[in-house]
There are 4 protein chains.
Amino acid sequence: MTMTKVAILGASGYTGAELVRLIARHPSLQIAALTADRKAGQAMADVFPHLAILDLPPLTTIDEVDWSGVDAVFCALPHATTQKVIAGLPERLKVVDLSADFRLEDPEAYKTWYGHEHAETALQKQVVYGLPEFYRDSIKGARIVANTGCYVATALIPLIPILKAGLADPDWIVIDAKSGASGAGRAAKEANLFTEVSEGFHAYSVAGHRHMGEIDQELSKAAGRPVVASFTPHLLPQNRGILATTYLKGEADTIHAHLAERFADEPFVHVLPYGKVPATRHVRGSNHCLIGVVADRQPGRTIVISVLDNLVKGASGQAIQNMNLMLGLPETTGLEQVPLFP
Amino acid sequence: MTMTKVAILGASGYTGAELVRLIARHPSLQIAALTADRKAGQAMADVFPHLAILDLPPLTTIDEVDWSGVDAVFCALPHATTQKVIAGLPERLKVVDLSADFRLEDPEAYKTWYGHEHAETALQKQVVYGLPEFYRDSIKGARIVANTGCYVATALIPLIPILKAGLADPDWIVIDAKSGASGAGRAAKEANLFTEVSEGFHAYSVAGHRHMGEIDQELSKAAGRPVVASFTPHLLPQNRGILATTYLKGEADTIHAHLAERFADEPFVHVLPYGKVPATRHVRGSNHCLIGVVADRQPGRTIVISVLDNLVKGASGQAIQNMNLMLGLPETTGLEQVPLFP
Amino acid sequence: MTMTKVAILGASGYTGAELVRLIARHPSLQIAALTADRKAGQAMADVFPHLAILDLPPLTTIDEVDWSGVDAVFCALPHATTQKVIAGLPERLKVVDLSADFRLEDPEAYKTWYGHEHAETALQKQVVYGLPEFYRDSIKGARIVANTGCYVATALIPLIPILKAGLADPDWIVIDAKSGASGAGRAAKEANLFTEVSEGFHAYSVAGHRHMGEIDQELSKAAGRPVVASFTPHLLPQNRGILATTYLKGEADTIHAHLAERFADEPFVHVLPYGKVPATRHVRGSNHCLIGVVADRQPGRTIVISVLDNLVKGASGQAIQNMNLMLGLPETTGLEQVPLFP
Amino acid sequence: MTMTKVAILGASGYTGAELVRLIARHPSLQIAALTADRKAGQAMADVFPHLAILDLPPLTTIDEVDWSGVDAVFCALPHATTQKVIAGLPERLKVVDLSADFRLEDPEAYKTWYGHEHAETALQKQVVYGLPEFYRDSIKGARIVANTGCYVATALIPLIPILKAGLADPDWIVIDAKSGASGAGRAAKEANLFTEVSEGFHAYSVAGHRHMGEIDQELSKAAGRPVVASFTPHLLPQNRGILATTYLKGEADTIHAHLAERFADEPFVHVLPYGKVPATRHVRGSNHCLIGVVADRQPGRTIVISVLDNLVKGASGQAIQNMNLMLGLPETTGLEQVPLFP
């Protein structure tokens, strides 16, 4: 089989390491370059000792990459940096961008949430939003895909079909979301120390989290009119996993039946039996998303609970799923990991 | 100072141990008896080695207690058992009951949530609901106080004044609550094993948790008409702490100002500056409850976040606060522990 | 490729679930039967929801297994039960036993450590001890293999070559070992509750752990004379991973060079550069064992640190490694999982 | 009662916060000043929200402290900085120093372990080593006390009496120590992130940890001749607690009897019944040290296990214990906290 040679830009973060973990066992992808500007020159095994068992290229700067040996790019760079890097890549390269830089279609929305003008608005127009369960066909033909954010994927996967089918009131959506600490990345910040995260729980960016722009965009498209959902992120004392508890005005049994049918053939989305709810530990390390639907006590109200692993289906796994589509590979290739429990 | 001699019934559970921890340093309470039917004959230090530094009476059965040496009782027994035990106690004893047995004023509501008839409905009528911030005067004169449940206290402390003042729509209340594992008690259950709780998160008893009856009762009293809130409990991979994220239709600044004024003189309830939110780790081991109020993005919607330590302000600390009131002691006596962090 | 049909006896424990996780993606093994006497009739997905994405046979009793459709057996049953079950299996079946029942070659040692006579001493003589790095050739021809215990594998992998080569004093061996909580299994015991394990650490079975019999046996064989090592197990507040810190009288540089050479071609054992030490998180979910060697401050003393995942290389992964050898498959088949971090 | 007014230098670290927690409820100490050079101007409640319930002076620089209102000083500054700060304090102030700067009596040893000359060797000679169970009388008369390190206190408390009494071979001491993450402080380092510490375990500074100089010094004094023990620190995925497993050549029953007698009247050191071992969770948040003694399997060998809370008996609690002695107060004043479990 011909191997597609990929570069991972920003390989020294957790999503970079997770891309390496998954691609190392992917039958059609081969890692040709790994970049990490501040750690250039180091071996990946020095930065991530759990990857020492793999035979990997050394970390380099982006400038040092020999693009002639690269067919596709996973970009796991920080926000804002990304725009220029991707604009500067050879046009023949397929790109999956894991940052938030190209997720918002409207440059005004980008400015609102990120506080500065988007530098590559023309390029933005070519980008396809990377939630494969809803944009599969566009992704197949895309050159650049903006991989959906982790919180966003967790919330949107059940909500898009519900709103599209008009099964819930778009003005009455409360998304209470909880994420493991790996979502905060590997930067050395006091707030993310073990001592500051373990044995405790808190909300953050209440009513102000940047992922909201992305949620607004997709829910509004699904509902066919502007939607502004309540969304509150919380930090869990665990490494991996996001769980979103979503409160809706709508009939639970109808919603359950619709989701079950909608996702019946999706390889990575599973609707549990009516009344059952999932746990983050049931998807750890895998690319699966589980959804539970329960009728609330008040007639006409529904609670939907969705879970995924923020580093896999919420980031690197989904990025590979998108790349598989872009390359014409079976969508599940290299993503068959069974969840790790306990 | 005259010491009040107390018996702790059900001392082998976590709330029992927490009562011992707090009472051991209480200047006016003295532990006269500790019961644990299945562990009778053992030393408390064998059941809870962290208490070995204290000089404590041995565990006995309830039948073995010499009531002549007892002035007051903390009852930390399981649900249903409790009714008969309390009915059988000498009438002169002050009792704080930490179980759910006497919290619901309406025997029909009890039957609905607990699946069987209440056995002591006459006694129920004498019981005062034990949330001191709202029932202080009645508690002072009570013989039996039904200590508020841990989830319930977390949710009610901010919500009662909001509903009383008509500052939020009673038909639009979503309480998303998260609790540490000590709330599940010390019973040996597979679901509570370290391997089943750590590195993961899930909701449970969705739309069916028994604490809802208690929430309904108190919110309805506060609103002056029936209220049925959405309430979803989740299990956190941490020992202590409850956080409730409550979504309301109401003006955030008005709600914040009202709560700040309402709790200004409360020793254990603290409203944070507008827009700030609390973490469970900020109250660990203490009897404090912290409340944050934030305006949601949609005009006219508010997010209220409240935290407490489920074993202290949510159980044993509050029980002592109630007992202090019943005994005419300053309410904060023995409850001045500074939170333990990290 | 012809698939070998396997039965997993005792599939409702953690090692059973881990066997399923690994075998589900093994290209030459196929799960034909899953047994769990007390949970017979249930779906594996009910017992382990993280496995719901797999298409698995239902749990049955051992008696219900149709052996005609089975080629090989993984036995993950409790100690003592196992002896009779294995004795009753059709002789044509290859068996890897994950229990301790057949690990001790000497029936007297078995009696000493387990407190009763071994019931199948004749069968014991046919069994090969299942540490593939040292008994590869015998395992290839074996019908029954006794899979090495998790603590034991962690300690023995570095120690056997050191003692065989006479590089350390056999009378001066201190093994201080620490294990994650999954090593205690899934039985509902108070001592293994989240609240009893998290945020704390302790030693257990000090100077009395049953794995010592196995350590004695193998170290004595390696040294060519009786060896009694110090061995203390401790319980870590984490799910997976064992780390053994071993103190030796011997020259560190010589020991390091010998181990590096001895394991140079082993697919699952890796000796780190001299002076570097491993962490359990670097092998999580994988079949790898990492070894670090450091010179102690006192001349002539050495500290050896070894880590593995107790459920993989310490149990189910190693069992598959043994089975691969017994079936003539490449030893690494189905065991290429990259460690999961964070 | 006259209150002694204390300044806490370096109040923005964990030991600083822990001093505040304990002193806030100490009946004879009053906090007059809190310093934190980089956070000067902030409220302590902004730096440590769990302390918001206390009425505390604002953080200032050390230069801003009005020494006329200060009677005694707790110095919780980083290594090396401390020497000059303490040398510059008014001579009338009693000082307990929690850093390592004055613990080593021999300037050469200091240079060896810390890599540079000690700047205040004259002052060093006036300092008393602050392990109250062994230096109580000297501490009472001291102006400056060097508070023992957390690992060191855990190891030394049982070992000093054993070596003094000649009950173990000084050439055969292996101390395998494990610490919670709060021991690493609050500095924002990648290695201390939640994601890097949780669900894993590793040794660090193997054969090279700076606390060894302190251990050597005290064990040599106890044995009356040079002692070099093996000492390996490990990082536990928990906030608080140190456990040291110490392997000795000596008779366990004699050692146990001697320790039990030696510590019978000590308020904070408790020897468990022969054969029992302690857990770190049994001392969480308290100033207690628990010791267990077990006979190893080899005749004439003993395993001693000691635990304490690194932030209390290993740092701030012990500092207050020392200060109590220096001020002529009962040694246990303000240190009666019962351990917090779970």
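These numbers come from a predicted model, not from an experiment.

## Regarding the UniProt feature "domain: Semialdehyde dehydrogenase NAD-binding" (unreviewed entry) in chain A
Here's step 1: Per the UniProt record, "domain: Semialdehyde dehydrogenase NAD-binding" (unreviewed entry) is found at residues 5–142 of chain A.
Here's step 2: The span residues 5–142 of chain A carries 30% helix and 18% strand; its end-to-end C-alpha distance comes to 18 Å.

## Things to note about helix α4 (residues 107–114) of chain D
Residue and element names in this part refer to chain D.
Here's step 1: Taken together, the buried positions of α4 are Y110, W113 and Y114. Each buried residue of α4 lies within a common arc of 80° when the element is viewed along its axis, so the set occupies one face.
Here's step 2: The distance from a side-chain oxygen at the start of α4 to the backbone nitrogen of E108 is 2.8 Å, and the residue carrying that oxygen is D106.
Here's step 3: Residue G115 follows α4 closely and has a positive phi angle near 80°.

## Brief notes about the packing of helix α7 (residues 150–164) of chain D against helix α9 (residues 211–223) of chain D
Packed helices, taken two at a time, are described by the angle between their axes plus the distance between the axes.
All names here are of chain D.
Here's step 1: Remark: α7 packs on α9, axes separated minimally by 9 Å, with the N-to-C direction vectors making an angle of 15°. In this view, α7 runs roughly parallel relative to α9, as classed from their interaxial angle. The element α7 and its partner α9 pack so that their crossing is right-handed. Within the contact between the two elements, α7 uses C150, Y151, V152, L156, L159, I160, L163 and K164 and α9 uses H211, E214, I215, E218, L219, A222 and A223.

## Topic: the interface of chain B and chain D
Here's step 1: Counting residues at the interface gives 29 residues for chain B and 29 residues for chain D.
Here's step 2: Taking both partners together, chain B and chain D bury about 2600 Å²; carbon and sulfur atoms supply 70% of that area.
Here's step 3: Taken together, the connections running from chain B to chain D amount to 0 salt bridges.
Here's step 4: Summed over the shared surface of chain B and chain D, the result is 4 residue pairs in polar contact (both at pLDDT 80 or more).
Here's step 5: Of all the elements, helix α1 (residues 14–23) of chain B adds the most residues to the side of chain B that touches chain D, at 3 residues.
Here's step 6: The residue inventory of the side of chain B that touches chain D, partitioned by class, reads 13 nonpolar, 7 polar and 9 charged.

## Quick word on the environment of T254 of chain C
Here's step 1: Here T254 of chain C is to be found in helix α10 (residues 252–262).
Here's step 2: The exposure class assigned to T254 of chain C is partly exposed, which follows from its relative accessible area of 39%.

## Remarks on the relation of the copies chain A and chain B
Here's step 1: For these two chains of identical sequence, chain A goes onto chain B by a turn of 180° and a shift of 0.0 Å along the axis, with RMSD 0.0 Å. What we have between these two chains is a two-fold relation. It is P237 of chain A whose C-alpha, among those of chain A, lies nearest the rotation axis, at 3.2 Å.
Here's step 2: Mapped onto chain B, 100% of the interface residues of chain A are again interface residues, and the two copies thus contact each other with one and the same surface.

## Some words on empty space enclosed by the protein
Here's step 1: Taken as a whole and assessed by the stated rule, the structure comprises 4 cavities of 30 Å³ or more.
Here's step 2: Taken as a whole, the largest cavity holds about 260 Å³ of empty space.
Here's step 3: Residues that form the lining of the largest cavity fall into these classes: 8 nonpolar, 11 polar and 4 charged.

## Quick word on the pairing of strand β8 (residues 173–179) of chain A
Residue and element names in this part refer to chain A.
Here's step 1: Counted residue by residue, β8 has 7 buried out of 7 residues, so it is predominantly covered.
Here's step 2: In β8, alternate side chains face the same way, and those of I173, I175, A177 and S179 on one face and V174, D176 and K178 on the other are all buried.
Here's step 3: Strand direction decides the pairing type here: β8 and strand β11 (residues 242–249), joined by 7 bridges, are antiparallel. By the bridge assignment for β11, V174 is matched with Y247.

## With respect to the packing of aromatic side chains
Here's step 1: Evaluated as defined, the whole model comprises 34 aromatic pairs over all chains.
Here's step 2: Cluster of aromatic residues (ring-pair linked, three or more members): Y14 and F48 of chain A together with F341 of chain C.

## Details of the interface of chain A and chain B
Here's step 1: On the side of chain B, 50 residues touch chain A, which itself brings 50 residues to the contact.
Here's step 2: Between chain A and chain B, roughly 4100 Å² of surface is buried when both sides are summed, and carbon and sulfur atoms account for 51% of that area.
Here's step 3: Among the residues chain A hides against chain B, the three largest losses belong to E199, F201 and R297 of chain A. Together they make up 20% of the total.
Here's step 4: Applying the counting criterion to the chain A and chain B interface returns 6 salt bridges.
Here's step 5: Two residues, R297 of chain B and D216 of chain A, come together in a salt bridge whose shortest N-O distance is 2.8 Å.

## Describing the relation of the copies chain B and chain D
Here's step 1: Note on the identical chains: chain B maps onto chain D by a rotation of 180° and an axial translation of 0.0 Å, with an RMSD of 0.0 Å.
Here's step 2: Most of the interface of chain B is mirrored in chain D, where 100% of its interface residues again form contacts.

Conventions we followed
- Residues numbered from 1 in each chain as written.
- Chains lettered and ligands numbered in written order.
- Predicted model: local features only at pLDDT ≥ 70, side-chain atom pairs only at ≥ 80, totals over all residues.
- Heavy atoms only, no water.
- UniProt positions renumbered as here; feature names shortened; annotations may be inferred.
- Helix = DSSP H or I, 4+ residues; strand = E, 2+ residues; numbered from the N terminus.
- Buried < 20%, exposed > 50% of the residue type's maximum accessible area, 1.4 Å probe, protein only.
- Arc of directions from axis to C-beta.
- Polar contact = N/O pair within 3.5 Å; in protein donor to acceptor, adjacent residues only side chain to side chain.
- Axes fitted to C-alpha atoms, helices over the stretch in contact; angles between N-to-C directions.
- Parallel < 35°, antiparallel > 145°, perpendicular 65-115°, else oblique.
- Left-handed = near helix turned anticlockwise from the far one by under 90°.
- Contact = heavy atoms within 4.5 Å.
- Buried area = accessible area lost by both parts, 1.4 Å probe.
- Salt bridge = Lys/Arg side-chain N within 4 Å of Asp/Glu carboxyl O.
- Nonpolar A, V, L, I, M, F, W, Y, C, P; charged D, E, K, R; others polar.
- Least-squares fit on C-alpha atoms with pLDDT ≥ 70 in both.
- 1 Å grid on protein atoms, 1.4 Å probe; cavity = no way out; pocket = protein on both sides within 12 Å on 5 of 7 lines; lining within 4 Å.
- Points joined across faces, edges and corners; volume = space filled by probe spheres on them.
- Pairing = 2+ DSSP bridges.
- Phe/Tyr/Trp six-rings, centres within 6.5 Å; stacked < 30°, edge-to-face > 60°.

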